[in-house]
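# Fold and geometry: a report
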Amino acid sequence: MKGRVWKFGDDVDTDAVIPGRYLVMNTPEELAPYTFIGVRPDFAENVKENDIVVAGNNFGCGSSREHAPIALKGTKIGCVIAKSFARIFFRNAINIGVALLECPDTDKIDDGDEISVDFESGTIENLTKGEKYQATPLPDFVRGIVDAGGLKEYTRKIID
């Protein structure tokens, strides 16, 4: 998977991903236009399918509501790469079907860089800079949940 980077810093909380005033909406399509509206107003109108959110430590901290990963899913980003994730956000994102990777080298990746991601190996290649970084790959069963589109879809798939 290949995409353009949207770079964020440390401690990006769920209110930054989707502000509370939009919580009356519940679908990816409804929430997507308001993703990062308070911190990157240009994000929703310019993000393209498979673009990649890259951040520092503690991405998804704050409220445990599922609206944040639902909004990200609605934007059709390819994944979120961060140094670390808030635990509840990590689980919610996987359950919703948003791919996540932890990588200690996100400081080396800049806004607008084009990167490719191999989810199986965890290899991230910065095509703009000609560098490679190693992320912790998701275990096969977790990747299966993400690939299926989320926990509900995965469950339907394995019981059919």
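Up top is the structure these notes are about.
The sections below set out a description of the structure shown in this document. None of these values were measured; they are calculated from a predicted model.

Definitions and limits used
- Residues numbered from 1 in each chain as written.
- Predicted model: local features only at pLDDT ≥ 70, side-chain atom pairs only at ≥ 80, totals over all residues.
- Heavy atoms only, no water.
- Phe/Tyr/Trp six-rings, centres within 6.5 Å; stacked < 30°, edge-to-face > 60°.
- Helix = DSSP H or I, 4+ residues; strand = E, 2+ residues; numbered from the N terminus.
- Buried < 20%, exposed > 50% of the residue type's maximum accessible area, 1.4 Å probe, protein only.
- Lys NZ or Arg CZ within 6 Å of the ring centre and 35° of its normal.
- Contact = heavy atoms within 4.5 Å.
- Salt bridge = Lys/Arg side-chain N within 4 Å of Asp/Glu carboxyl O.
- Pairing = 2+ DSSP bridges.
- Axes fitted to C-alpha atoms, helices over the stretch in contact; angles between N-to-C directions.

Summed over the entire model, instances satisfying the criterion amount to nine aromatic pairs. On the basis of an interplanar angle of 75° and a centroid distance of 6.1 Å, the ring pair of Phe59 and Phe85 is categorised as edge-to-face. In this pair, Phe59 is assigned in the loop between β2 (52-55) and α4 (67-75) and Phe85 in the loop between β3 (79-82) and α5 (87-96), connecting sequence segments 26 residues apart. Here Phe59 and Phe85 have matching classes, each one buried. The residue whose ring lies beneath Arg40 is Phe8, and the NZ or CZ to ring-centre distance is 5.6 Å.

Before going further, it helps to examine the environment of Phe43. Among the secondary structure elements, Phe43 is positioned in helix α3 (residues 43-46). Taking relative accessible area as the criterion, Phe43 reaches 0% and is therefore assigned buried. The sequence separation of Phe43 and Ala32 amounts to eleven residues, and the corresponding C-alpha distance is 9.8 Å. Excluding residues that lie within four positions of it along the chain, Phe43 makes contacts with Trp6, Phe8, Thr35, Phe36, Val53, Thr75 and Ile77.

Our next topic: the pattern of salt bridges. Across all of its chains, the model carries nine salt bridges by this definition. The closest approach of N and O atoms between Arg40 and Asp111, which form a salt bridge, is 3.1 Å. Placement of Arg40 in the loop between α2 (28-31) and α3 and of Asp111 in the loop between β4 (100-102) and β5 (114-118) is noted, with a sequence separation of 71 residues between them. In this structure Asp111 comes out as partly exposed when scored by relative accessible area, which is 43%. One network of salt bridges, with partners in common, ties together Arg40, Asp42 and Asp111.

Here we take up unusual backbone geometry. Glycine aside, residues mostly have negative phi angles, and peptide bonds mostly take the trans form. Residues other than glycine seldom take positive phi values, yet Phe36 does so here, at roughly 60°. Relative to the helices and strands, Phe36 resides in the loop between α2 and α3.

This part takes up the sheet that holds β2. Overall, mixed pairing links the seven strands, which are arranged β4-β3-β2-β1-β5-β6-β7 in an open sheet. The outermost strands of the open sheet, each flanked by one partner alone, are β4 and β7 (131-134). For this sheet the average axis-to-axis angle between neighbouring strands, irrespective of direction, equals 30°. Where β3 meets β4, three bridges bridge the pair, whose relative direction is parallel.

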